[in-house]
Amino acid sequence: MAELGHEVVGLDVDEKKVNLLAQGKAPFIEAGLPELLERNVASGRLKFTTDPSLIADAQIHFIGVGTPQLQGRLGADMTYVDQAVATILEHADAPQDGRPVLIAGKSTVPVGTAEGIAKRLQESGKEIILAWNPEFLREGYAVQDTLTPDRIVYGLPEDQETGRIAREILDECYATALAADTPLVVANYPTAELVKVAANSFLATKISFINAMAELCDATGGDVTRLAEAIGHDDRIGKKFLGAGIGFGGGCLPKDIRAFMARAGELGVDQALTFLREVDTINLRRRDHAVNLAEEAVGGRLVGKKIAVLGITFKPDTDDLRDSPALDIASRLWARGAELAIVDPAAAETLRERRPDLTVPETVEEALDGADVVMILTPWKEYTQLDPKVILPLVDTPNIIDGRNVLDPHEWADAGWNYYGMGRTVSVW
Ligand code: UGA
């Protein structure tokens with residue numbers, strides 16, 4: 001937002017993060033973000049603080065706090081959103097320049113949340129109005145997705161005049177993107193809330209669909225990567241998000257489909273989303289399958305076998321370990337008695353801190369040394385570009401499990417490796 005010319009104050013309760021950000025340093029890995037932070041903090045347009053009084057004169061308050069999965073339940077934890085609204089209500093000076101102040105909700109929330117917040121704002125008697133403005137950025141592409149979004153969605157209040165003012169304020173905020181003809185979809189609150197979870201549910205469904213096809217390929221000797229390529233040529237299906245492997249993870253897709261199911265249950269329409277239960281189940285079964293493949297590769301028992309795990313984050317180009325399929329698989333292998341050596345270009349340090357029980361060597365060579373099985377679980381290019389001939393002498397037994405179907409099976413097989421794909425065999429075709 002600062003890069004787009006706005007004056008921005010970032011408020012957070014986490015002092016450590018705020019201090020880093022205030023120095024122009026990103027507290028996580030995200031391509032292009034350090035340069036943006038540095039430039040905009042230096043220009044004075046971007047400030048970070050833990051002091052809520054500094055948000056007093058803002059025209060728009062974006063709520064971007066987390067809505068993680070509740071402990072032991074499927075639903076979303078709304079504590080942080082509730083606290084953010086309370087903070088804004090307490091500290092915002094409304095109106096601003098003769099107009100009401102706008103809260104723009106970005107957090108992924110159960111449908112119906114916006115209506116509840118709008119009611120709270122109305123009851124407060126302050127001139128604060130609400131819009132729901134969901135966020136579609138992907139980790140690893142967050143800067144690009146924010147500066148040049150593929151669509152913008154406004155969820156506006158039903159009252160026409162209030163809605164008109166909310167839209168006017170948002171239009172000013174997104175002027176650059178709108179001038180570049182970014183598609184804008186204007187709807188009511190529930191639609192905007194649903195758009196977000198519908199989008200993530202669709203993506204999750206697409207991944208589980210192709211993973212279900214991988215199971216069929218495994219049962220029949222088919223190759224799911226060829227299958228995905230062939231169906232992807234149909235524009236109506238499309239090539240993207242048809243990568244079969246160990247399945248989806250991260251801080252969004254898994255918890256969003258679960259919270260969506262929980263909300264549908266509360267609304268009495270749980271049947272509409274029972275298919276998401278299957279999407280979740282197929283996805284989790286991929287992790288079991290990866291563990292079973294490792295067992296198969298060592299001929300039965302994993303106890304005392306050395307497994308090199310390459311990549312541990314939930315996807316490449318991030319240091320995020322939230323609900324990482326790779327970490328889950330590694331933990332299960334460890335619980336079954338395997339000796340693990342895990343490497344990751346971004347999360348090694350964090351993993352050492354959080355999981356002192358796991359061995360995290362400095363180099364890939366150390367991880368490969370004497371391995372009985374090598375598993376590529378996150379497709380960092382450092383690992384997908386490894387030369388099978390060069391690394392062969394390092395391992396004890398040349399078993400390679402390609403957890404993301406990113407290697408060339410022939411190249412690895414020709415170099416002397418036993419190749420295990422996910423719904424993929426070494427075929428002459
Ligand atoms: C996801 C959505 O893609 C964003 O549009 C959304 O804004 C974001 O969640 C959010 O709700 O905030 P992200 O969590 O960054 O973004 O990750 P994705 O790129 O969607 O990948 C999710 C998982 O699916 C990863 O574990 C990835 O490895 C896996 N995946 C992805 C596959 O297994 N196969 C594929 O073909 C693609």
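Located above this text is the structure these notes cover.
Structure report, in brief. Computed from a predicted model, the values in this text were never measured in an experiment.

## Here we look at the packing of aromatic side chains
- Evaluation of the coordinates by the stated rule reveals 2 aromatic pairs.
- With a centroid separation of 5.1 Å and 65° between ring planes, the pair formed by Trp412 and Trp417 is classed as edge-to-face. Each member of the pair, Trp412 as well as Trp417, is classed as buried.
- Over the ring of Tyr141 we find Arg138, and its NZ or CZ is 4.4 Å from the ring centre.

## Here we look at the side chain of Ser208
- By secondary structure assignment, the location of Ser208 is in helix α8 (residues 189-220).
- With a relative accessible area of 1%, Ser208 lands in the buried category.
- Apart from the residues lying within four places of it in its own chain, the contact partners of Ser208 are Phe248, Val279, Ile282 and Asn283.

## Here we look at α8
- For α8, spanning 32 residues, the distance from its first C-alpha to its last is 47 Å, which sits close to the expected 46 Å at 1.5 Å a residue.
- Directly beyond the C-terminal end of α8, a positive phi value near 85° is found at Gly221.

## Let's talk about a negative patch on the surface
- The grouping of Asp387, Asp408, Glu411 and Asp414 at the surface amounts to a negative patch.
- In this structure, Asp387 sits in the loop between α15 (381-384) and α16 (388-391).
- Residue class for Asp387 comes out partly exposed when judged on its relative accessible area of 34%.

## Quick notes on empty space enclosed by the protein
- Under the defined criterion, the tally for this structure stands at 2 cavities of 30 Å³ or more.
- By volume, the largest cavity amounts to about 70 Å³.
- Lining the largest cavity are Thr67, Ala76, Thr108, Val109, Pro110, Val111, Val197, Lys255, Asp256, Ala259, Phe260 and Arg263.
- For the lining of the largest cavity, the element with the highest residue contribution is helix α10 (residues 253-266), accounting for 5 residues.
- Along the lines of polarity and charge, the residues of the lining of the largest cavity split into 7 nonpolar, 2 polar and 3 charged.
- A domain split of the lining of the largest cavity shows at least three residues from each of domain 1 (8-196) and domain 2 (201-420).
- Space inside the second largest cavity adds up to approximately 40 Å³.
- It is α8 that provides the largest number of residues to the lining of the second largest cavity, a total of 3 residues.

Quick notes on the rules
Residues numbered from 1 in each chain as written. Predicted model: local features only at pLDDT ≥ 70, side-chain atom pairs only at ≥ 80, totals over all residues. Heavy atoms only, no water. Phe/Tyr/Trp six-rings, centres within 6.5 Å; stacked < 30°, edge-to-face > 60°. Buried < 20%, exposed > 50% of the residue type's maximum accessible area, 1.4 Å probe, protein only. Lys NZ or Arg CZ within 6 Å of the ring centre and 35° of its normal. Helix = DSSP H or I, 4+ residues; strand = E, 2+ residues; numbered from the N terminus. Contact = heavy atoms within 4.5 Å. Expected span 1.5 Å × (residues − 1). Patch = residues over 30% accessible without salt bridge, like charges linked within 9 Å, V, L, I, M, F, W, Y side chains within 5 Å. Areas by Shrake-Rupley, 256 points an atom, 1.4 Å probe, with all protein chains shown as cover. Salt bridge = Lys/Arg side-chain N within 4 Å of Asp/Glu carboxyl O. Lys, Arg positive; Asp, Glu negative; His and termini not counted. Charge placed at Lys NZ, Arg CZ, Asp CG, Glu CD. 1 Å grid on protein atoms, 1.4 Å probe; cavity = no way out; pocket = protein on both sides within 12 Å on 5 of 7 lines; lining within 4 Å. Points joined across faces, edges and corners; volume = space filled by probe spheres on them. Nonpolar A, V, L, I, M, F, W, Y, C, P; charged D, E, K, R; others polar. Domains from an automatic or database assignment.

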